[in-house]
Amino acid sequence: MIKAKGIAKLYRIPHEKTTTLFELVLGYIKDQVTYENFYALKNVNFSIDKGEMVGLVGKNGSGKTTLLKILGGIVPPTEGEFQIEGTVAPLLSLSVGFHHELTAQENLYLYGAILGMPRKEIKDKLDRIFDFAGVGKFRDMKVKNFSSGMIARLAFATMVQTDPDVLLLDEIFAVGDKDFKPQCFSVFEDYKRRGKTIIFASHDLTAVAEHCERTLLLDKGELKAFGKTKDVLDQYGGL
Amino acid sequence: MGLTRKPESTMKKKKLSHYLNVIYELSRLDFKLKYYGSVLGLLWSFLKPFMMLAILYVVFFYFLKVGIQNYEVYLLLGIIFWNFFADTTKDSTVGVVTKAHLLQKTNLPPFVVVTSVIVHSLWTFLITLAIFFIFFFALGLHLTWSALTLLLLVPSLIILTAGVSFLIVPLHMRFKDFGHIWDIFLQMLFWATPIVYQYTLVPEPYSRWYLLNPVARIIIDARNAVLYNFFPEAKQLLITIAITAVVFAGGWLVFRKYGRTFIDEL
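Treat the numbers as computed from the prediction; the structure is a model and nothing was measured.

**Overview of the overall build of chain B**
Next, step 1: Helix and strand content of chain B: 10 helices and 0 strands.
Next, step 2: Counting helices and strands in the order they occur from the N terminus, chain B gives α-α-α-α-α-α-α-α-α-α.
Next, step 3: Against the compact-globule benchmark of 18 Å for 266 residues, chain B has a radius of gyration of 20 Å, which places it among compact chains.
Next, step 4: Projected onto its principal axes, the C-alpha positions of chain B cover 65 × 45 × 40 Å.
Next, step 5: A buried classification covers 33% of the 266 residues belonging to chain B.
Next, step 6: Intrachain contacts of chain B at a sequence separation of at least 6 include 78% that bridge at least 24 residues.

In structure tokens form, the structure reads like this:
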């Protein structure tokens, strides 16, 4: 279950980009620091039930990733509040912060720990993760030698093993091959049956239409529509 | 049934063990990355204070003729305490930058990253301190009961260092040139702390300000306890602990408020 109430995210973008303290102080003295108030999200309200997989569509820069980052607890919202029941796993980019100088296995221990699995548990599940990802041969290879598709598979496979209650997905099929997609969707269908909640942000509208009952449409940070996927996609097409 | 604990407390317990796990994994990997491909590896961490000791000893004992008894031990204790403070604060600011990819992509709490850095340098500190005592006894020196004060002073130093780390990490995330400011500040503080000289050399009107520096207070008391066999004054000790507590509380409050705010700016 996810409930969002009046969520807004404000980014203050200095007109003349000040990055150093010196420049900022200088700017204040000369009274030159002016900000552009950019709302990445404005007053977003919605409520998603258990066992629902909801699509999230919108043009580039409409606030999809920002919304998922807020729900995933990565950045705080500027205004508003939200409620999430159970454990949350954000999958916001399929590199999920793997360290390139470490081997696949070492990365999984860290990533698994971040997702809430103790070392022993990951150890037991390691074979299953590598099997699912189909990259078992490369266990001890450094991640920098992996293709982006392989990294995506590993990240997804690890996430699946943590069995989260809420799954936040941001454009996860960008790098996967033709086998990866059906593999993911069979997981999602299983999650739906087991009463887990999924938000699926994607530009792959066919996939959204096929798997999501309801869909959220963001435009310039505002929630333009939330309802039956077909209607929302029609509205998105007209934007 | 057998459910005696409240669900809330089990959640908290689960959370704590989760954080401990992540801290463990992070320090483990940091360790691997830090010494990957280096010949002496871990030894470097322990060589550094002794190299510093050799340099400062030669300059101050032979060239400047500082007349402090057992100057090598005097100096080494100061260096070890100082290095823990300086290295940890510096490493925590660097740590959040090198972990930017994790902070931005997963819901890893920033305080876990900082804590893992502190834990990492704490090991080095404690092992170096053990080496110090081997050195100490090898020179034929003896400890008395006053050395027990270390059980208060060492935790004070750790809490103080943690507080300062929490305080400066958000600043470092927000301002790109904070790293340089901190470098200069540490250099100033090094000379404003009685590491190579005795604090009694500080002229009268300034000494009361000088003694506001908590690192200086801790080092002075630690030397008194270990080298000169006397307990610090209770009042002075309380002031040290009070300063430490205030710094930690302030640092933690700032970090709680701004720790996540600047993740996007890393």
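**What about the overall build of chain A?**
Next, step 1: Broken down by element type, chain A carries 8 helices and 9 strands.
Next, step 2: Summarising its shape, the C-alpha atoms of chain A cover approximately 60 × 45 × 30 Å along the three principal directions.
Next, step 3: The long-range fraction of contacts in chain A, counting pairs at least 24 apart against all pairs at least 6 apart in sequence, stands at 72%.

**Concerning the interface of chain B and chain A**
Next, step 1: The interface of chain B with chain A comprises 23 residues on the first partner and 26 residues on the second.
Next, step 2: Listed by contribution, the elements that provide at least two residues to the side of chain B that touches chain A are helix H1 (7-35), helix H4 (100-105) and helix H7 (178-191) of chain B.
Next, step 3: For the side of chain B that touches chain A, the element with the most residues is H1 of chain B, which contributes 7 residues.
Next, step 4: Taken together, the residues that form the side of chain B that touches chain A break down as 10 nonpolar, 7 polar and 6 charged.

**Considerations on helix H4 (residues 119-133) of chain A**
Residues and elements named next belong to chain A.
Next, step 1: At Lys 125, H4 shows its maximal kink, close to 50 degrees.
Next, step 2: For H4, every residue scored as buried is listed here: Ile 122, Ile 129, Phe 130 and Ala 133.
Next, step 3: Where H4 is buried, its residues contact helix H3 (104-114) and helix H5 (148-162).
Next, step 4: Of the residues one or two after H4, Gly 134 is the one with positive phi, at around 70 degrees.

**Some points on the packing of helix H3 (residues 71-98) of chain B against H7 of chain B**
Residues and elements named next belong to chain B.
Next, step 1: Between H3 and H7, the least distance of the axes is 11 Å, while the angle of their chain directions is 175 degrees. By the angle between their axes, H3 is roughly antiparallel relative to H7. Contact with H3, carried on its side by Trp 82, Ala 86, Lys 90 and Thr 93, involves Gly 179, Trp 182, Leu 186 and Phe 190 of H7 and no other residues of that element.
Next, step 2: Residues belonging to the contact of H3 with H7 are distributed by class as follows: 5 nonpolar, 2 polar and 1 charged.

**Quick look at the nonpolar core**
Next, step 1: Val 54, Leu 91, Phe 156, Leu 169, Ile 199 and Phe 200 of chain A together with Phe 81 of chain B are the most contacted members of the largest nonpolar core, which has 111 residues in total.
Next, step 2: Tallying contributions element by element places H3 of chain B first for this core, with 12 residues.
Next, step 3: In this structure, Ile 199 of chain A is in contact with Val 54, Leu 56, Leu 68, Leu 168 and Leu 169 of chain A, ignoring residues within four places of it in sequence.

**Structural notes on the packing of H3 of chain B against helix H6 (residues 150-174) of chain B**
All names here are of chain B.
Next, step 1: For the pair H3 and H6, interaxial distance at closest approach is 9 Å and the crossing angle is 30 degrees. Considered as vectors, H3 and H6 are oriented roughly parallel to each other. Crossing geometry of H3 relative to H6 is assigned as right-handed. Each of Phe 81, Phe 84, Phe 85, Thr 88, Thr 89, Ser 92, Thr 93 and Val 96 in H3 lies in contact with H6, whose residues at this interface are Leu 157, Thr 161, Val 164, Ser 165, Ile 168, Val 169, His 172 and Met 173.

**Focus: the environment of Phe 132 of chain B**
Residue and element names in this part refer to chain B.
Next, step 1: Of note, Phe 132 is situated in helix H5 (residues 110-138).
Next, step 2: In the structure, Phe 132 is positioned 82 residues away from Phe 50 in sequence and 9.8 Å away in space, judged by C-alpha atoms.
Next, step 3: Filtering out sequence-adjacent residues up to four positions away, Phe 132 remains in contact with Leu 76, Leu 77 and Ile 80.

Rules used in this analysis
- Residues numbered from 1 in each chain as written.
- Chains lettered and ligands numbered in written order.
- Predicted model: local features only at pLDDT ≥ 70, side-chain atom pairs only at ≥ 80, totals over all residues.
- Helix = DSSP H or I, 4+ residues; strand = E, 2+ residues; numbered from the N terminus.
- Rg over C-alpha atoms; globule rule 2.2 N^0.38 Å.
- Buried ≥ 20, exposed ≤ 12 C-beta atoms within 10 Å, placed from the backbone.
- Contact = placed C-beta atoms within 7 Å.
- Nonpolar A, V, L, I, M, F, W, Y, C, P; charged D, E, K, R; others polar.
- Bend = angle between axes of the 7 residues up to and from the residue.
- Axes fitted to C-alpha atoms, helices over the stretch in contact; angles between N-to-C directions.
- Parallel < 35°, antiparallel > 145°, perpendicular 65-115°, else oblique.
- Core = buried A, V, L, I, M, F, W, Y, C linked by C-beta atoms within 7 Å.
- Left-handed = near helix turned anticlockwise from the far one by under 90°.

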